[in-house]
Amino acid sequence: MTVPSKPKAPPAWLIDGIGRVRSVLTDASRAAVPPNIVLLEMAQGAWLTQALYIAAELGIADALRDGPRTADDVAQLVDAKPDATYRVMRALAANGVLTLRRDGRFALTRVGQALRSDHEGSMAPMIKLVGRAEHWEHWSRLMHSVRTGQTAVEALRGMSAWDYLESNPEYAAVFNDAMTGVSAVAIETAVPLYDFADRKLVVDVGGGHGALLAKILTQTPTARGVLFDLPTVVEGARPILAAAGVADRCTVEDGSFFDSVPDGADAYVMKTVIHDWDDEEAVAILRNVRTAIADGGKLLLFEMVLPEGAPPHPGMLLDLEMLVHAGGRERTAREYADLLARGGFRLKRVIATPGPMSIVEALPA
Ligand SMILES: C[S@@+](CC[C@H](N)C(=O)[O-])C[C@H]1O[C@@H](n2cnc3c(N)ncnc32)[C@H](O)[C@@H]1O
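Keep in mind that what you see is a predicted model, and the values were worked out from it rather than measured.

In this structure, what is going on with unusual backbone geometry? I would like to understand it.
Note: most residues except glycine have negative phi, and most peptide bonds are trans. Backbone geometry at Asp79 places phi at a positive 60°, although glycine is not the residue there. Here Asp79 lies in the loop between helix H5 (71-78) and helix H6 (82-94). The residue Thr272 is not glycine, and still its phi comes out positive at about 45°. Note on placement: Thr272 falls in the loop between strand S6 (267-271) and helix H17 (279-292). Its relative accessible area of 16% is what places Thr272 among the buried residues.

Which parts of the structure should I look at to understand the pattern of salt bridges?
Should the charged atoms of two oppositely charged side chains come close, the side chains can pair. Per the counting criterion, the structure on display carries 16 salt bridges. Put simply, Asp83 and Arg87 hold a salt bridge, and the shortest N to O gap is 3.2 Å. Residue Asp83 and its partner Arg87 are both found in helix H6; the two are separated by four residues, about one turn of the helix. Residue class for Arg87 comes out partly exposed when judged on its relative accessible area of 49%. We note a salt bridge from Arg334 to Glu308, for which the minimum N-O separation is 3.1 Å. One end of the pair, Arg334, is in helix H19 (residues 333-342); the other, Glu308, is in the loop between strand S7 (298-303) and helix H18 (315-324), and 26 residues separate them in sequence. For Glu308, a relative accessible area of 45% translates into the label partly exposed.

What counts, and where the lines are drawn
Residues numbered from 1 in each chain as written. Predicted model: local features only at pLDDT ≥ 70, side-chain atom pairs only at ≥ 80, totals over all residues. Heavy atoms only, no water. Helix = DSSP H or I, 4+ residues; strand = E, 2+ residues; numbered from the N terminus. Buried < 20%, exposed > 50% of the residue type's maximum accessible area, 1.4 Å probe, protein only. Salt bridge = Lys/Arg side-chain N within 4 Å of Asp/Glu carboxyl O.

So, in structure tokens, the structure goes:
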């Protein structure tokens, strides 16, 4: 077994530069259209979300995996009405997800390929969550959250997002698959940028089904791992750890990170966990990690670190998702530094990745 050589991060200027070019191109394209039309197009994003949801949930993208098909063919395959299927597929073609060919058949574009359930880094699981009725209902109460500060989930369901997931196993399965699905994106772009080679034991706190930990352990054949999450969540982790060939180097523990976290590791990772919680709760989790961490240990948060100000960044909308659902928030590097200090850590650096996720590296203070 060979230990991979030290991975190199792409330069931050390149990542920043691509972001700036995209932002300039978006501004230029908007400048070519009257402002009220720009707003209408933005508002129609909600409709596009539902069209994408239909394509993911019914398996329209999967039906096009082996090549172009007519909407009639697809409708038969996915058990839907031909005319309505055609209209959804045409709308997706108009938005760059499919193409409508001269022979009347639809094909997947490069973007549409990422809707296939078997695509590496498929966005289908996340879209199945975002378009699902429960999620949609929660977003319909953003007004309540803005007026009161209470999450829409609390208002609608009378319980926290996590209790709601526990009470609704079908929705929980969709949620956990979505987390694993978006993890694939973070995994591809972020994990190779961090060298875990000198770490002996990696604990993934709130690790879901273990996709992140599986990748870290694959990249670091000398390390062992512990996956830690709520009991009903870790139940689903074994197949992912086994498929990655790391099950024999990984134990699975359940419990609440508000009580304690597995003890004595030299690396603790948390991906999109701290953003779920308000400052007080986040500090409580960090303090439990501080209590558990071994001398010389490192804490790595995989989060969308917000830039200062309000430049375009996907974390700005994810922040609203936190407002509606979990009651947490997205944070800037400065806010992470403050939070980490309150939790007994010192922020060492923020590693940018080619995706929206950053790695926040912290050491015990
Ligand atoms: C946004 S998900 C992220 C999951 C995973 N880290 C990933 O990125 O795919 C947050 C995770 O925190 C877990 N969680 C919530 N409350 C918890 C608690 N009290 N103790 C342990 N884990 C908890 C959830 O079950 C969920 O898996």
